[in-house]
Amino acid sequence: MATEQEIIRKEEFLPNNCLLCNKRLAMGRCHTDCIQRPLSLGFRQLGKLVGRYPWWFLIIPFVLSAGLGAGFYFLHERKANDIEDQFTPIGGPAKTEREFVIKRFPTNDSGQFSAQRLYTEGSFVSLIAVSTSDNVINVNTFKELVQLDEMVQNFTVIGLAANATLAFQQICAEVQGQKCITANPLLSAVEGNVSLIETIPISYPMFQNRAFIGTYLGGVTLNSDSTVKEAKAIKLVYYLREDSQHDKENSLQWINHFIKFFAKNALQLNHIKVSYFTSVSRQQEFDGTTKTIIPLFSITYFVTIFFSIMSCVRFDSVRNKTWVAGFGVISSGLAVLSSFGLLLLCGVPFVITVANAPFLILGVGVDDMFIMISSWQQTKVKDKVEERMAETYSEAAVSITITTLTDVLAFYIGILTSFRIWS
């Protein structure tokens with residue numbers, strides 16, 4: 001028989017116990033797995049299907065990736081590595097203002113060329129000659145400058161399509177009836193008689209009140225009457241035509257051949273040291289830098305793949321997951337092949353800024369692979385493969401889906417920016 005105090009104590013705790021029961025019942029009615037549950041059930045069925053027909057899920061991805069990978073055939077013609085196009089905002093005010101200038105101040109490289117009217121740097125080759133002595137304004141130096149000028153003026157590209165040739169005189173910019181504009185006002189002033197360079201006064205920065213030579217001379221020292229006493233360097237500039245797309249292609253082709261020729265066949269000069277800069281120098285340096293990075297990316301790929309496979313190696317032949325890790329890495333490679341190939345087949349240009357995307361895809365794929373392996377190892381060893389695959393897919397589905405959605409969101413935010421960071 002319970003005492004009176006025990007009965008009273010039970011009655012005091014009865015409302016609290018009932019309240020606790022009511023809370024538990026309310027939480028039981030509130031389902032928080034409305035997303036997780038259907039995902040797990042759906043992936044469970046997929047896991048069963050994979051475990052039941054494994055060869056189909058091995059062959060179909062390889063065949064599909066091989067078909068989509070055919071898009072890499074168009075990789076060379078769809079490369080878009082223009083620096084300005086990649087690293088300036090799409091539809092930015094500067095581009096709109098340039099279009100305004102192009103319409104109101106058109107250029108004419110075939111007869112009325114003017115460097116001041118250019119809305120870009122133009123298409124040009126410039127040679128910068130630095131004197132080995134204290135002064136570049138002397139007869140010996142100008143003799144060698146004349147040799148340089150003649151080399152450029154006579155340079156002709158041979159061996160083009162249909163045995164065509166492309167000479168400098170065919171594509172040079174012209175002004176006021178001259179065949180080609182002067183590379184340097186001082187060369188034009190001596191007119192082949194280089195001995196005149198030490199006798200004529202060189203006013204600075206306006207030479208003979210006609211030509212501005214401030215951009216042609218470097219390291220200038222002036223006399224009291226504003227004439228040039230000495231200069232350390234002199235520049236020769238050769239502008240090419242850009243009136244039409246055909247002219248642009250010819251000028252670009254001529255410049256590229258000239259750079260190769262100049263790099264291999266520099267003149268033997270005693271009084272000056274010559275270097276060059278062209279309108280495509282930045283682009284070439286950018287392309288060359290990306291090529292030097294490729295070996296470094298190869299090292300990172302190898303380290304990542306090696307770590308992924310070795311971390312799954314076990315001395316127990318039952319728990320060893322070397323092949324699983326290997327195919328996980330291959331799966332990431334197939335994703336790169338399929339995605340890039342599909343975009344190239346659709347005509348999307350390939351920009352060099354997405355060259356690191358395979359490394360990102362590899363990282364995401366390896367992360368999902370480890371989640372799958374961890375879920376597989378938690379299943380019962382004695383169960384059938386079909387059941388173990390169902391459990392693995394059911395457990396890993398939510399984690400992989402969440403990481404995938406966050407990655408997609410991050411990449412989509414990148415696409416929304418005004419810079420071309422997509423292929």
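Residues numbered from 1 in each chain as written. Predicted model: local features only at pLDDT ≥ 70, side-chain atom pairs only at ≥ 80, totals over all residues. Heavy atoms only, no water.

The subject of this paragraph is the state of the cysteines. One pass over the full model with this rule turns up 1 disulfide. Paired through a disulfide, Cys 172 and Cys 180 show a sulfur-sulfur distance of 1.8 Å. Torsion about the S-S bond of the Cys 172 and Cys 180 cystine: about -70°, corresponding to left-handed handedness. (Disulfide = S-S within 2.5 Å.)

An α-helix turns once per 3.6 residues; consequently, residues spaced three or four apart project the same way. Taking 1.5 Å per residue as the helical rise, helix α13 (residues 385-416) with its 32 residues ought to reach 46 Å, and the 44 Å between its terminal C-alpha atoms agrees with that figure. In α13, a bend of some 40° at Ala 397 exceeds every other bend along the element. Those residues of α13 not exposed but buried are Arg 388, Met 389, Ala 390, Thr 392, Tyr 393, Ser 394, Ala 396, Ala 397, Val 398, Ile 400, Thr 401 and Gly 414. Close packing links the buried residues of α13 with α2 (36-52) and α12 (357-377). (Helix = DSSP H or I, 4+ residues; strand = E, 2+ residues; numbered from the N terminus. Expected span 1.5 Å × (residues − 1). Bend = angle between axes of the 7 residues up to and from the residue. Buried < 20%, exposed > 50% of the residue type's maximum accessible area, 1.4 Å probe, protein only. Contact = heavy atoms within 4.5 Å.)

According to the stated counting rule, one finds 4 salt bridges in the structure shown. Between Arg 44 and Glu 391 there is a salt bridge, with its nearest N and O atoms 3.0 Å apart. Within this pair, whereas Arg 44 is found in helix α2, its partner Glu 391 is found in helix α13, the two being separated by 347 residues in sequence. Exposure remark for Arg 44: the relative accessible area of 21% places this residue in the partly exposed category. Of the charged contacts in the structure, one is a salt bridge between Arg 282 and Glu 121, with a shortest N-O distance of 2.8 Å. Taken together, the positions of Arg 282 in helix α10 (residues 281-310) and Glu 121 in the loop between α5 (93-104) and β1 (123-131) put the pair 161 residues apart, joining distant regions of the chain. (Salt bridge = Lys/Arg side-chain N within 4 Å of Asp/Glu carboxyl O.)

Below, the discussion takes up a nonpolar patch on the surface. A grouping of Ile 293, Leu 296, Ile 299, Phe 302, Val 303, Phe 306, Met 310 and Val 313 is seen on the molecular surface, where their side chains present a nonpolar patch of about 770 Å² in accessible area. Residue placement: Met 310 occurs in helix α10. Met 310 sits in the partly exposed class, given a relative accessible area of 44%. (Patch = residues over 30% accessible without salt bridge, like charges linked within 9 Å, V, L, I, M, F, W, Y side chains within 5 Å. Areas by Shrake-Rupley, 256 points an atom, 1.4 Å probe, with all protein chains shown as cover.)

This part is about α5. Look at α5: 17 Å from first C-alpha to last across 12 residues, which is about the 16 Å you get at 1.5 Å a residue. Counting buried positions over the 12 residues of α5 gives 0, only a small fraction of the element.

What follows covers unusual backbone geometry. Cis geometry is found at the peptide bond from Tyr 204 to Pro 205, where omega equals 5°. Its place among the elements puts Pro 205 in the loop between α8 (185-190) and β4 (206-207). Despite not being glycine, Ser 226 has its phi angle at roughly 65°, a positive value. By the secondary structure assignment, Ser 226 is in the loop between β7 (221-222) and β8 (228-230).

A few words now on the nonpolar core. Note on soluble globular proteins: their nonpolar side chains tend to be buried together. Ile 137, Phe 142, Leu 145, Trp 254 and Phe 258 are the most contacted members of the largest nonpolar core, which totals 42 residues. For this core, the secondary-structure elements that each account for two or more residues are β1, α6 (139-153), α7 (168-171), α8, β9 (233-240) and α9 (245-264). The leading source of residues in this core is α6, at 6 residues. Not counting chain neighbours up to four residues away, the residues in contact with Ile 137 comprise Phe 142, Leu 186, Ile 197, Ile 202, Leu 217, Val 228 and Ala 231. Of all hydrophobic cores here, the second largest spans 9 residues; its members include Phe 113, Ala 173, Tyr 216 and Val 237. (Core = buried A, V, L, I, M, F, W, Y, C linked by side-chain atoms within 4.5 Å.)

With that settled, consider the confidence of the model for the protein. With 89% of its residues at a pLDDT of at least 70, the protein reaches an overall mean of 82. The low-confidence segment residues 7-21 (pLDDT under 50) makes 1 contact with residues lying over four places distant or belonging to another chain. (pLDDT = per-residue confidence, 0-100.)

Time to look at the packing of aromatic side chains. This structure, assessed with the given rule, holds 15 aromatic pairs. Residues Phe 168 and Tyr 238 carry aromatic rings whose centres are separated by 5.8 Å and whose planes lie at 85° to one another, so their mutual orientation is edge-to-face. Pair noted here: Phe 168 is in helix α7 and Tyr 238 is in strand β9, with a separation of 70 residues, a long-range link. Classification of Phe 168 by relative accessible area gives buried; the value is 1%. Classification of Tyr 238 as buried rests on a relative accessible area of 1%. Relative to Phe 359, the ring of Tyr 301 lies with its centre 5.9 Å away and its plane at 40°, an arrangement referred to as tilted. Of the two residues, Tyr 301 is situated in helix α10 and Phe 359 in helix α12; the sequence distance between them amounts to 58 residues. According to the relative accessible area criterion, Phe 359 is partly exposed, its value standing at 32%. Taken together through their ring pairs, the aromatic side chains of Phe 155, Phe 168, Tyr 238, Trp 254, Phe 258, Phe 261, Phe 262 and Tyr 276 make up a single cluster. (Phe/Tyr/Trp six-rings, centres within 6.5 Å; stacked < 30°, edge-to-face > 60°.)

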